[in-house]
Amino acid sequence: MIGNDIVDLHLAKTQSNWLRKGWLEKLFTEDEQYHILNTADSELEVWKLWSKKEAAYKAHQRRFSLAPRFNPRWYQCQGETVGINGYIYHTNTSVSRGAVYSIATTDQQAYFTQIVNQGVSVKEELKNYISQICSVTSNDIILIKKDNGIPYVKIKDQLDDIPFSLTHHGNFSAFIIALRK
């Protein structure tokens, strides 16, 4: 399973006051709070941990076909992994061009990911990628969400179980898609 999340650091700075009383306690475990407050760039660390939790949430939700329900404190970051109820998600987080981008996978699953430039449709870029790997036209591809909000791909009116995840925040969008074996 896979998930991803992106944070526009400029927008996060203007929208969220992570120093507000109770903000860290609401979202992060005591160990995570200690780590945040004892890191050289605490604000950046907030968004790195947040994006790891969000990416793991998406992977976990897909893995078990769960209805949307996100409690960030349930997701515990430990280095490059995030744990939830005994399940571990491997994460990879990068910081570049004013954004924090995290992906989460189970079992080091093979994937392709792409950050999309502002003004370009992330859904169209994903459809173009799928059309190349599946040898169909992008018009044959429909991206849908099931009742629980989990996205799926329809190719020529057939539901295809290609796990993917989309994310958008501020000026940044990205997708991740599992590679077929």
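Everything numeric in this text was worked out from a predicted model, so none of it was measured.

Caption draft 1: How the structure looks around the sheet that holds strand E6 (residues 111–116). Spatially, the three strands line up as an open sheet ordered E6-E11-E10, and their pairing is antiparallel. Of all strands in the sheet, those with a lone pairing partner are E6 and strand E10 (164–169), marking the two edges. Here the strands of the sheet are splayed against their neighbours by 10° on average, with no regard to which way each runs. As paired strands, E6 and strand E11 (residues 172–178) are joined by six bridges and run antiparallel to one another. Looking at the pairing, Phe-112 lines up with Ile-177 of E11. Set on the sheet, helix H5 (residues 122–134) makes contact with E6, E10 and E11; between it and E11 the angle comes to about 30°.

Caption draft 2: Examining the side chain of Lys-58 more closely. By the secondary structure assignment, Lys-58 is in helix H4 (residues 42–64). Although Lys-58 is buried, it forms no salt bridge, and the closest oppositely charged side chain is Asp-5 at an N-O distance of 4.5 Å. Those residues in contact with Lys-58 that sit more than four places away from it in its chain are Ile-2, Gly-3, Asn-4, Ser-165, Leu-166 and Thr-167.

Caption draft 3: Representation of the pairing of strand E5 (residues 99–105) in the model. Most of E5 sits inside the fold, with seven of its seven residues counted as buried. What you see with E5 is no split at all: Ala-99, Tyr-101, Ile-103 and Thr-105 on one side and Val-100, Ser-102 and Ala-104 on the other are buried throughout.

Caption draft 4: Structural context of the UniProt feature "domain: 4'-phosphopantetheinyl transferase" (unreviewed entry) in the protein chain. UniProt feature "domain: 4'-phosphopantetheinyl transferase" (unreviewed entry): in the numbering of this structure it lies at residues 2–66. Between the C-alpha atoms that bound residues 2–66 there is a distance of 14 Å. The span itself is 66% helix and 11% strand.

Caption draft 5: The arrangement of the pattern of salt bridges in detail. This structure, assessed with the given rule, holds five salt bridges. Note that Glu-124 and Lys-127 form a salt bridge whose closest N and O atoms lie 3.8 Å from each other. One end of the pair is Glu-124 and the other is Lys-127, both in helix H5 and three residues apart, which spans about a single turn. Residue Lys-127 is classed as buried on the basis of its relative accessible area, which comes to 15%.

Caption draft 6: Geometry of helix H3 (residues 30–37). All of the buried residues along H3 are Glu-32, Gln-33 and Ile-36. When H3 is viewed along its axis, its buried side chains cluster within an angular range of 100° and face the same direction. Those residues of H3 that are exposed and angled more than 90 degrees off the buried face are Glu-30, Asp-31 and Tyr-34. Contact partners of the buried residues in H3: helix H2 (23–27), H4 and strand E2 (76–78).

Caption draft 7: Layout of the packing of H3 against H4. Where H3 contacts H4, the two axes come as close as 8 Å, and the packing angle between them is 145°. Contacts from Glu-32, His-35, Ile-36 and Leu-37 of H3 reach H4 at Ser-42, Glu-45, Val-46, Leu-49 and Lys-53. When its residues are assigned to classes, the contact of H3 with H4 shows four nonpolar, two polar and three charged.

Caption draft 8: Quick look at the pairing of strand E8 (residues 151–155). Among the five residues in E8, four count as buried, and that is most of the element. One ladder, built from five bridges, connects strand E7 (residues 141–145) with E8; its direction is antiparallel. Following the sheet pairing, Ile-144 is matched in E8 by Tyr-152. Count of turn residues in the E7/E8 antiparallel hairpin: five residues, of which Gly-149 carries a positive phi of about 85°. Where E8 and strand E9 (residues 158–160) come together, three bridges link them in antiparallel fashion. Residue pairing across strands places Ile-155 opposite Gln-158, the latter belonging to E9. Taking the residues that link successive antiparallel strands as the turn, the E8-E9 hairpin has two residues, and the phi of Lys-156 there is positive, at about 50°.

What counts as what
- Residues numbered from 1 in each chain as written.
- Predicted model: local features only at pLDDT ≥ 70, side-chain atom pairs only at ≥ 80, totals over all residues.
- Heavy atoms only, no water.
- Pairing = 2+ DSSP bridges.
- Helix = DSSP H or I, 4+ residues; strand = E, 2+ residues; numbered from the N terminus.
- Axes fitted to C-alpha atoms, helices over the stretch in contact; angles between N-to-C directions.
- Contact = heavy atoms within 4.5 Å.
- Buried < 20%, exposed > 50% of the residue type's maximum accessible area, 1.4 Å probe, protein only.
- Lys, Arg positive; Asp, Glu negative; His and termini not counted.
- Salt bridge = Lys/Arg side-chain N within 4 Å of Asp/Glu carboxyl O.
- UniProt positions renumbered as here; feature names shortened; annotations may be inferred.
- Arc of directions from axis to C-beta.
- Nonpolar A, V, L, I, M, F, W, Y, C, P; charged D, E, K, R; others polar.

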